[in-house]
There are 2 protein chains.
Amino acid sequence: IFHVTWDAQAAEKGGYEHFMIKEIHEQPKAIKDTMTSRIMSDSDEIVLDDIKLTKEDLDNINKVFIVACGTAYHAGMVGKYVIEKLARIPVEVDIASEFRYRNPIMDEKTLLIVVSQSGETADTLAALREAKKAGARVMAVTNVVGSSVAREADDVFYTWAGPEIAVASTKAYTTQLIAMYILALYLGRLNGKLSVEEFRTIRDEMLVLPEKVEKLIQNKEELQKFADKNHMHRDMFYIGRGLDGSVSLEGALKLKEISYIHAEAYPAGELKHGPIALIDQDIPVIALATQEELFEKMVSNIKEVVTRGAKVISFALEGNTDIEQVSDQVVYMPRTISILTPILSVIPLQLLSYYVAVIRGCDVDKPKNLAKSVTVE
Amino acid sequence: IFHVTWDAQAAEKGGYEHFMIKEIHEQPKAIKDTMTSRIMSDSDEIVLDDIKLTKEDLDNINKVFIVACGTAYHAGMVGKYVIEKLARIPVEVDIASEFRYRNPIMDEKTLLIVVSQSGETADTLAALREAKKAGARVMAVTNVVGSSVAREADDVFYTWAGPEIAVASTKAYTTQLIAMYILALYLGRLNGKLSVEEFRTIRDEMLVLPEKVEKLIQNKEELQKFADKNHMHRDMFYIGRGLDGSVSLEGALKLKEISYIHAEAYPAGELKHGPIALIDQDIPVIALATQEELFEKMVSNIKEVVTRGAKVISFALEGNTDIEQVSDQVVYMPRTISILTPILSVIPLQLLSYYVAVIRGCDVDKPKNLAKSVTVE
């Protein structure tokens, strides 16, 4: 058995009321640390020390699986989107407890990426072993050096989030997202599907994300205002399209975990196929509208729920003020390219969950019934 | 414009209080009609008149997409499972309003299957057109002869459910499931991945499904009992693993649509990664445990929610009485092979939604805010 010992000093709350809010504030640094020495402003190459996958290996791969649980699964959903977009390799993202029992189609042409903060998640580790048995190449994205998934995988990508103590994951998630972007850039450059020009655009935007995240964390008042007004609701809906849909799922999970509100995320275009039946003034709707090319469609979807009486808080990029006409409250975010918005949009959703849980008097860092790492099946 | 006219006679309620309960009762016949002349007890071949896909065509296909909305999307999830299992072709199932905007990886080696009861669903039709533009072969599964998707697809599979009037789909869903099984058998035999022996086992079991469905429909008392006890709850959870997970999603959607209860489905293995935090005595849990190889794992998952105070109604195969120890109520179903259970397990879930909606005084056939076919984006 390999024991991982955290520095006791690092585990202190450092003046914050809860570990969760401390860890939310640590995100600019965590994101920066996860990029350091891997993406550099003056280099057209991604440097990944623990990844030995060669161009030849990659040319032999025709399918990527990303397998994870909970929050890490939501990071994987973003990973699917960006790897398909930048490297044009088909990616399937799956929940570990489902994947391992469904006899997935895998062979030596498969690359399986597991994502686990602790690196000890039981179902994820079991999925990794299934994949190795089938001859697949396995890559681990984890926050713990020397963890089981790190030791058993062929390639490892460490997120440098530092120890995460709060049960509800925040900085582990955002650094997992950074891992997904870096891997997508790496694979896209390796197989030649991503041009140097596009690479540079994304690289340059990534390098300024830490300061944008910092700015978002400072803007607490609007989320506290939302919490003051809406903390008594029993149900909420999160809606979004494309990448916003994946972040909606993470936002809803965060609220479920620490405030015990029944929050559910739905792809906005699916509302008309059922869920809109139950929307009324008692179910606040959290709407993400950060994708420029889907902005008009989201405004229409928001109108649909407003017509049914819902109170809406929207999240949009600075300048997209049209959204105010269909929203009770709008939280604006610094502009970035569409593909990178998840890193920004999840921040106010974390804060929203935090303030709602605090005002409801919940035990934010240790929600009932949950463990930090699920090391049993 | 092509007009579809239903026989006015066929649209009458025929003694039933609502179209929905009438259509639930029509399922044995609808399932039988959808199998007739396609699967025959004395034949090892599947006969599909409107499908021209040859063995050569299929050998050229390396990826299947199933694209749909709402209930049809849930049928597609089962389709993914069975096509991958019987024909060993990788299948990705996607929501039409997401698929069409995410630049999916498609080419002339792709088979895209759209599923739409009306054949006029706007997002689904748009996805079909995107796929054709990319050179993919397109197959339509629809209930309406001459509908837009039927006219524009290369191959068509008609479900013979007859006119469906209630907004909440029941017999269209079960016949879409039958379509998925028949297509999976067809593809598996065509590419040789499915042995004659396995084909015969599934064929013979399918042919006796109508009488098993009939038996399930007669067993209303237990579901009325559940409705009597639980109709006042605002939130419910549906849990299951594997195929049961897909049926859980359909069950939850049905309850959302017609009773306005906030029902959410979750893969049972994911509960520990967040949602279990909000489980308590006010959130009844509907547990599906029909998959023999996952039965013990489901019993453990049910124990987890019972420990948190949840009242549980479970659905299991006859004889699996161990589940009574962890359930407040158990509904048993006739035994069949694991792969076919969705056809049976959805029936009591339809009835459960129906009786809950009736006792809540909801307008069952015309839920607020919903249209039968979503022909706008």
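Check the entry above for the structure.
So, a few notes on the structure that sits alongside this text.

1. Brief notes about the overall build of chain A
A tally of helices and strands in chain A yields 14 helices and 10 strands. Classification of the 377 residues of chain A by burial places 65% in the buried group. Look at the contacts in chain A between residues 6 or more apart in sequence, and 75% of them connect residues 24 or more apart. Treating the 43 positive side-chain charges of chain A as one cloud and the 55 negative ones as another, the clouds have centres 2 Å apart.

2. A look at the sheet that holds strand S6 (residues 235-240) of chain A
Strand pairing in a sheet is mediated by backbone hydrogen bonds. Such pairs are either parallel or antiparallel. Residues and elements named next belong to chain A. Here we have five strands laid out as an open sheet, ordered S7-S6-S8-S9-S10, and parallel in their pairing. Two strands in the sheet have a free side with no partner beyond their single neighbour: strand S7 (262-267) and strand S10 (329-333). Put simply, the sheet's adjacent strands are angled 20 degrees from each other on average, direction ignored.

3. Topic: the pattern of salt bridges
Considering all chains together, one arrives at 54 salt bridges over all chains under this definition. Between Asp155 of chain A and Arg137 of chain A there is a salt bridge, and its shortest N-O distance comes to 2.7 Å. One end of the pair, Asp155 of chain A, is in strand S5 (residues 155-158); the other, Arg137 of chain A, is in strand S4 (residues 137-142), with 18 residues separating them in the sequence. Among the ionic pairs, Glu84 of chain B bridges to Lys80 of chain B, the shortest N-O distance being 3.0 Å. You can see Glu84 of chain B and its partner Lys80 of chain B sitting in helix H4 (residues 70-87), four residues apart, about one turn around the helix.

4. Quick word on the relation of the copies chain B and chain A
By a simple turn and slide, chain B fits onto chain A: the slide is 0.0 Å along the axis, the RMSD is 0.0 Å, and the turn is 180 degrees. Here the symmetry operator amounts to a two-fold rotation axis. Looking at the interface residues of chain B, 100% of them are also at the interface in chain A, so both copies use one shared face.

5. Some remarks on the interface of chain B and chain A
Bring the parts together and some accessible area is lost; that lost area is often taken as the interface size. Across the boundary between the two partners, chain B contributes 58 residues, which contact 58 residues of chain A. Summed over both partners, the interface of chain B with chain A buries about 5,100 Å², with 52% contributed by carbon and sulfur atoms. Per-residue buried area on chain B facing chain A is highest for Ile105, His262 and His273 of chain B; these three make up 12% of the total on that side. Between Lys80 of chain A and Glu92 of chain B there is a salt bridge, with its nearest N and O atoms 2.6 Å apart. Taken together, the links from chain B to chain A amount to 27 residue pairs in polar contact (both at pLDDT 80 or more). Where the side of chain B that touches chain A is concerned, the elements lending two or more residues are H4, strand S2 (91-95), helix H5 (96-99), strand S6 (235-240), helix H12 (243-259) and strand S7 (262-267) of chain B. If you tally residues by element for the side of chain B that touches chain A, the top one is S7 of chain B, at five residues. In terms of residue class, the side of chain B that touches chain A is built from 26 nonpolar, 11 polar and 21 charged.

6. Here's the deal with the packing of helix H9 (residues 196-207) of chain A against helix H10 (residues 209-218) of chain A
Packed helices, taken two at a time, are described by the angle between their axes plus the distance between the axes. Residues and elements named next belong to chain A. For the pair H9 and H10, interaxial distance at closest approach is 5 Å and the crossing angle is 40 degrees. One way to sum up the angle between H9 and H10 is to call them oblique. In contact with Glu205, Met206 and Leu207 of H9, H10 contributes Leu209, Pro210 and Lys212.

7. A few points about helix H8 (residues 171-190) of chain A
Residue and element names in this part refer to chain A. With 20 residues, H8 should cover 28 Å at 1.5 Å per step; its first-to-last C-alpha distance of 28 Å lies within 8% of that length. For H8, a buried count of 18 out of 20 residues is recorded, marking the element as mostly surrounded by other parts of the structure. Once H8 ends, the next one or two residues include Gly192, with phi positive near 80 degrees.

8. Structural notes on the sheet that holds strand S3 (residues 110-116) of chain B
Residue and element names in this part refer to chain B. Pairing within the open sheet is parallel, and its five strands lie in the order S2-S1-S3-S4-S5. Two strands in the sheet have a free side with no partner beyond their single neighbour: S2 and strand S5 (155-158). With strand direction ignored, the average angle separating the axes of adjacent strands in the sheet is 20 degrees. Across six bridges, the pairing between strand S1 (residues 63-68) and S3 is parallel. Counterpart to Phe65 in the pairing with S3 is Leu112. Set on the sheet, helix H6 (residues 122-133) makes contact with S1, S3 and strand S4 (137-142); between it and S3 the angle comes to about 165 degrees.

9. Focus: helix H4 (residues 70-87) of chain A
Residues and elements named next belong to chain A. Taking 1.5 Å of rise per residue, 18 residues should cover 26 Å, and H4 covers 25 Å from first to last C-alpha, within 8% of that figure. The buried fraction of H4 amounts to 16 of the 18 residues, a majority that puts the element mostly inside the structure. Immediately beyond the C-terminal end of H4, within one or two residues, lies Arg88, with a positive phi of roughly 50 degrees.

10. A short note on the environment of Asn230 of chain B
Residue and element names in this part refer to chain B. Note on placement: Asn230 falls in helix H11 (residues 221-230). Placed 126 residues apart in sequence, Asn230 and Val356 show a C-alpha to C-alpha distance of 7.8 Å. Apart from the residues within four sequence positions on either side, Asn230 is in contact with Met236 and Pro284.

11. Details of unusual backbone geometry
A positive phi is found at Ser37 of chain A, a non-glycine position, where the angle reads about 70 degrees. Position of Ser37 of chain A relative to the elements: it lies in the loop between helix H2 (27-35) and helix H3 (55-59). For Ser37 of chain A, a relative accessible area of 45% corresponds to the partly exposed category. One non-glycine residue, Tyr260 of chain B, lies in positive phi territory at about 60 degrees. In this fold, Tyr260 of chain B is placed in the loop between H12 and S7.

The rules behind these values
- Residues numbered from 1 in each chain as written.
- Chains lettered and ligands numbered in written order.
- Predicted model: local features only at pLDDT ≥ 70, side-chain atom pairs only at ≥ 80, totals over all residues.
- Heavy atoms only, no water.
- Helix = DSSP H or I, 4+ residues; strand = E, 2+ residues; numbered from the N terminus.
- Buried < 20%, exposed > 50% of the residue type's maximum accessible area, 1.4 Å probe, protein only.
- Contact = heavy atoms within 4.5 Å.
- Lys, Arg positive; Asp, Glu negative; His and termini not counted.
- Charge placed at Lys NZ, Arg CZ, Asp CG, Glu CD.
- Pairing = 2+ DSSP bridges.
- Axes fitted to C-alpha atoms, helices over the stretch in contact; angles between N-to-C directions.
- Salt bridge = Lys/Arg side-chain N within 4 Å of Asp/Glu carboxyl O.
- Least-squares fit on C-alpha atoms with pLDDT ≥ 70 in both.
- Buried area = accessible area lost by both parts, 1.4 Å probe.
- Polar contact = N/O pair within 3.5 Å; in protein donor to acceptor, adjacent residues only side chain to side chain.
- Nonpolar A, V, L, I, M, F, W, Y, C, P; charged D, E, K, R; others polar.
- Parallel < 35°, antiparallel > 145°, perpendicular 65-115°, else oblique.
- Expected span 1.5 Å × (residues − 1).

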